[in-house]
Amino acid sequence: MGDALRIDTDGAVVTLSWGGEASDRQDAVRTAVGGASDRAVYHRRVDFWVHGNGAGDRLPMNLSAWVLASLWRGELPYGLYGPVVVTGPQGAELSEDMAQQVLAVCAAVVEVRQEWVRRPPAGESQARAELMAAAKCALLSPPPTTAQV
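To start, this report covers the structure provided alongside it. (Residues numbered from 1 in each chain as written. Predicted model: local features only at pLDDT ≥ 70, side-chain atom pairs only at ≥ 80, totals over all residues. Heavy atoms only, no water.)

## Details of the state of the cysteines
Our working definition: Two cysteine sulfur atoms form a disulfide, by the criterion used here, when they sit within 2.5 Å. Residue burial is assigned from relative accessible area. The probe radius is 1.4 Å, only protein chains are included, and a residue is buried under 20% of its type maximum, exposed over 50%, and partly exposed in between.
Scanning the model with the defined rule gives zero disulfides in all. In this structure Cys106 is a free cysteine whose sulfur lies 16 Å from that of Cys137, the closest cysteine sulfur available. For Cys137, a relative accessible area of 46% gives the class partly exposed.

Okay, here's the thing in structure tokens:
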């Protein structure tokens, strides 16, 4: 892939060009998350770069990033706020297979959230369970071929 991904709070995923020096990459992360960033590791092949004070700055929760991290590490007892940049370890380029996982889970979360407009979840624990089930299913499903698209 050779790039990094930014997960927006609405679930949209944006590809970031990921070349150049380490300082250029740090600037790109700072711009993408909207301020100082912290590195979070939820998978040995992926780094999350999250806003350093997202909750304090009252940024919206990033449900897609939270679900992804929770799948890899176990359900997180805290939220992730604001845009999240996903890279390979130590800020390296993101591998194609990990990028596919990010895309699949984010698409599943967006789909569930769209369903909730018509059919809200019964409660918070049911919402978490529904999101986690949809994301697990998305990871188990093979990516669509061009004939399926």
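## Details of the sheet that holds strand β4 (residues 46–51)
Where we set the bar: One bridge is not enough; two strands pair if DSSP finds at least two bridges between them. A run of H or I in DSSP counts as a helix once it spans at least four residues, and a run of E counts as a strand once it spans at least two, with each numbered from the N terminus. Axis angles are defined between N-to-C directions and span 0 to 180 degrees, where every axis is a line fitted to C-alpha atoms and, for a helix, only to the segment in contact. By definition in these notes, contact holds between two residues if any of their heavy atoms fall within 4.5 Å.
Pairing is antiparallel across the open sheet formed by five strands, whose spatial order is β2-β1-β5-β4-β3. At either end of the open sheet lies a strand with only one pairing partner, and these are β2 (13–17) and β3 (37–43). On average, each strand axis in the sheet is inclined to that of its neighbour by 30°, with strand direction left out of account. Against the sheet, helix α3 (residues 96–118) makes contact with β1 (3–7), β2, β3, β4 and β5 (84–87), and its axis sits at roughly 15° relative to β1, the strand it touches most.

## Some remarks on the packing of α3 against helix α4 (residues 124–140)
Put simply, the test is: An angle counts as roughly parallel when it lies under 35 degrees, as roughly antiparallel when it exceeds 145, as roughly perpendicular when it falls between 65 and 115, and as oblique in every other case. If you view the pair so one helix is near and one far, a crossing is left-handed when the near helix is turned anticlockwise from the far one by less than a right angle, and right-handed when it is turned clockwise.
Interaxial distance between α3 and α4 falls to 8 Å at its minimum, and their mutual angle equals 140°. Taken together, α3 and α4 sit at an angle that is classed as oblique. Crossing handedness for the pair α3 and α4: right-handed. Residues Gln101, Ala104, Val105, Ala108, Val109, Val112, Glu115 and Trp116 of α3 form the contact with α4, whose participating residues are Ala127, Glu130, Leu131, Ala134, Ala135, Ala138 and Leu139.

## Let's talk about the pairing of β2
In this sheet, β2 lies alongside β1 in antiparallel orientation, the contact comprising five bridges. Paired with Ala4 across the two strands is Leu16, which belongs to β2. Between β1 and β2, which pair antiparallel one after the other, the connecting turn spans five residues, and Gly11 there sits at a positive phi close to 95°.

## What about the pattern of salt bridges?
Quick note on the threshold: Each salt bridge in this description consists of a side-chain nitrogen of Lys or Arg and a carboxyl oxygen of Asp or Glu lying within 4 Å of one another.
Within the structure shown, the criterion is met by eight salt bridges. Between Arg6 and Asp8 there is a salt bridge; the shortest N-O distance is 2.6 Å. Given a relative accessible area of 17%, Asp8 falls into the buried group. Measuring nitrogen to oxygen at the nearest pair gives 2.9 Å for the salt bridge that ties Arg128 to Glu124. Of the two residues, Arg128 and Glu124 both sit in helix α4, four residues apart, roughly one turn of that helix.

As far as function goes, none of this settles anything; it's purely spatial.
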